[in-house]
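# Structural features, examined
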Amino acid sequence: AMIVSVLIAGFIAIFSAMSVSELAAYLPEEGGTYAYAQQLISPFAGFIAGWIWIFSNIFVGAAVSLGFAHYFATIVPVVPVILIATVICLLIIGTNYIGLKESVLFNNLLVTLKILILLFFVAFGLGFINPGNFSPLFPEGPVGVLSGASLIFFAYTGFARVTIMAEEVKDPEDTIPRSIYLALGISTILYILVSIVAIGLSGAPALAQSGSPLADAIRNTGSPGAVMVISLGAMIATASVLLTTIMGISRIIFSMGRSQDLPPLLNRLHPRYRTPHYAIAVTGACMIAALLLADLTLVVAVSTLAMLVYYLIANITALRLPVEHRRYPPWIPALGVVSCIGLIAFLNLHAWIIGCVGLLKGITWFVFGRKRALAHPAG
């Protein structure tokens, strides 16, 4: 059932990916859907897209920080999980602070290592799979599959992150769509392979109770060395996601500060490193605050809900593209709209409440705080 959930989430992501890629080709500007919705729908729609992206990715950062901490705890169990999560968050904030070039080189190294380690997990674990762990196939029925797909969509949400930094990409009209499709395709294949091996090694009940599922799964092979390799690999994987998450959030905060949708202070660059240091600092502070929830499943659910709203806006925006600039028929973004709404319906009530509070805060700022900031720019 989990493997089917992975496939459904990936299939749904395709529609949003196609919408985002044609928007990026039409308007390769910093800010992603924030910029697209602003120009093709309204300033308010653009603001909400930007705000909900920031809100979602703050929780993405909190989730992967907690993920890193749980895997670190498999190696050094005496250190509290929240402390580990906070420390890794601060370290990655510092990496972003010193500059994009250094961050990209570091991220390329992390991504290469994590893919190799995931492939090791698949190859090594394949010989120890217990077929009995795949039964029953659908213990929670269709509702369980769709609820799983709504949470697993979290793992696909990063494909549009490159659009946030479109002005820093060479040949964005071609490079961005290509990168979106490659990211989505490679990720889907890896997710399916890892899911099959993880379930085959441990079974769903054991994985459901684990904060470090891949390490616990590979432990069933009886190899302490493999557990160490996978734990390190998971830490590398989560660190690389955290790096690009903070990079993406800080750039959209910078872009919104430049457009005066957020306080202009956030538009300032560091005199030496030429990075949006205030935006990076705000990003880090909010992410560390989100860690206080300390519930990995809830953090993932909140992030997924907010990101589904973001892609919902992206699909609606794609429907507004001029006919001559459309790469795909309008039924593609229309299916994107329907599928995003469908997944949102399967997320839990607590995620809905936190998501609505975050959205209302954004609307309040747009209606009251933004106008006041524009009227008194010095303040």
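If you're wondering where the values come from, they're calculated on a predicted model, not measured in any experiment.

The subject of this paragraph is helix α13 (residues 296-318). A rise of 1.5 Å per residue sets the reference length of α13, with its 23 residues, at 33 Å; its end C-alpha atoms lie 33 Å apart and thus fit the reference within 8%. Counting buried positions over the 23 residues of α13 gives 20, a clear majority of the element.

In this section: unusual backbone geometry. The residue after Ser135, namely Pro136, is reached through a cis peptide bond having omega 0°. Mapped onto the fold, Pro136 is located in the loop between α5 (100-125) and α6 (141-152). Positive phi values are uncommon outside glycine, yet Gln260 reaches one of about 65°. Following the sequence through the fold, Gln260 ends up in the loop between α11 (224-258) and α12 (277-290). Given a relative accessible area of 38%, Gln260 falls into the partly exposed group.

This brings us to the nonpolar core. Counting 111 residues, the largest nonpolar core has Ile54, Phe121, Phe153, Phe159, Tyr310 and Tyr311 as the members making the most contacts within it. The dominant element in this core, judged by the number of residues it contributes, is helix α3 (residues 43-75), at 18 residues. Not counting the four nearest positions on each side in its chain, Phe159 is found in contact with Ala13, Ser16, Ala17, Val20, Ile180, Leu184 and Tyr311.

What follows is about a nonpolar patch on the surface. Residues Leu349, Trp352, Ile353 and Val357 make up a contiguous nonpolar surface patch of roughly 390 Å² in combined accessible area. Here Ile353 is to be found in helix α15 (residues 349-375).

All right, on to the packing of α3 against helix α4 (residues 81-97) then. Orientation of α3 relative to α4, taken along the N-to-C sense of each, is 120°, at an axis distance of 8 Å. The angle between α3 and α4 places the two elements in the oblique class. Handedness of the crossing formed by α3 with α4: right-handed. Judged by residue contacts, Ser65, Leu66, Phe68, Ala69, His70, Phe72 and Ala73 of α3 engage Val81, Ile82, Ile84, Ala85, Ile88 and Cys89 from α4. Grouping the amino acids of the contact of α3 with α4 by side-chain chemistry returns 11 nonpolar, 2 polar and no charged.

Turning next to the packing of aromatic side chains. Any aromatic ring pair is given by two values, namely how distant the centres are and how the planes are angled relative to each other. For the coordinates displayed, the defined rule picks out 13 aromatic pairs. Between Phe55 and Phe59, the ring centres sit 5.1 Å apart and the planes meet at 55°, which makes this aromatic pair tilted. Here Phe55 and its partner Phe59 are both found in helix α3, 4 residues apart, which amounts to about one turn of the helix. Judged by relative accessible area, which is 8%, Phe59 ranks as buried. Arranged with centres 5.6 Å apart and planes meeting at 35°, the rings of Phe124 and Phe128 form a pair that is tilted. Here Phe128 falls in the partly exposed class, since its relative accessible area comes to 41%. By the ring-pair criterion, three or more aromatic residues cluster together here, those being Trp53, Phe153, Phe159, Tyr310 and Tyr311.

Taking 1.5 Å of rise per residue, 33 residues should cover 48 Å, and α3 covers 48 Å from first to last C-alpha, within 8% of that figure. A large share of α3 lies buried, amounting to 26 of its 33 residues.

Moving on: the side chain of His277. Position of His277 among the secondary structure elements: in helix α12. Looking at His277, the relative accessible area reads 11%, which means it is buried. Excluding anything up to four places from it in sequence, His277 contacts Tyr97, Arg268, Leu269 and His270.

Attention now moves to the environment of Pro271. Residue position: Pro271 is located in the loop between α11 and α12. Along the backbone, Pro271 and Tyr26 are 245 residues apart, and their C-alpha atoms lie at a distance of 33 Å.

Bringing the side chain of Ser303 into the picture now. Assignment of secondary structure puts Ser303 in helix α13. Other than its neighbours up to four places away in sequence, Ser303 contacts Ser56, Phe59, Val60 and Phe154.

To continue, consider the state of the cysteines. Inspection of the entire model under this criterion finds 0 disulfides. We note that Cys286 lacks a disulfide partner, and the nearest cysteine sulfur, in Cys89, lies 11 Å from it. Take Cys286: its relative accessible area is 33%, and that puts it in the partly exposed class.

This part takes up the environment of Leu66. Inspection of the secondary structure assignment puts Leu66 in helix α3. Accessibility expressed as a relative area gives 2% for Leu66, which makes it buried. Placed 281 residues apart in sequence, Leu66 and Leu347 show a C-alpha to C-alpha distance of 20 Å.

The next subject is the confidence of the model for the chain. Per-residue confidence for the chain averages 87 on the pLDDT scale, and 95% of its residues sit at or above 70. The spread of mean pLDDT over the elements of the chain runs between helix α7 (residues 161-164), the lowest at 77, and helix α14 (residues 331-344), the highest at 94.

Quick notes on the rules
- Residues numbered from 1 in each chain as written.
- Predicted model: local features only at pLDDT ≥ 70, side-chain atom pairs only at ≥ 80, totals over all residues.
- Heavy atoms only, no water.
- Helix = DSSP H or I, 4+ residues; strand = E, 2+ residues; numbered from the N terminus.
- Expected span 1.5 Å × (residues − 1).
- Buried < 20%, exposed > 50% of the residue type's maximum accessible area, 1.4 Å probe, protein only.
- Core = buried A, V, L, I, M, F, W, Y, C linked by side-chain atoms within 4.5 Å.
- Contact = heavy atoms within 4.5 Å.
- Patch = residues over 30% accessible without salt bridge, like charges linked within 9 Å, V, L, I, M, F, W, Y side chains within 5 Å.
- Areas by Shrake-Rupley, 256 points an atom, 1.4 Å probe, with all protein chains shown as cover.
- Salt bridge = Lys/Arg side-chain N within 4 Å of Asp/Glu carboxyl O.
- Axes fitted to C-alpha atoms, helices over the stretch in contact; angles between N-to-C directions.
- Parallel < 35°, antiparallel > 145°, perpendicular 65-115°, else oblique.
- Left-handed = near helix turned anticlockwise from the far one by under 90°.
- Nonpolar A, V, L, I, M, F, W, Y, C, P; charged D, E, K, R; others polar.
- Phe/Tyr/Trp six-rings, centres within 6.5 Å; stacked < 30°, edge-to-face > 60°.
- Disulfide = S-S within 2.5 Å.
- pLDDT = per-residue confidence, 0-100.

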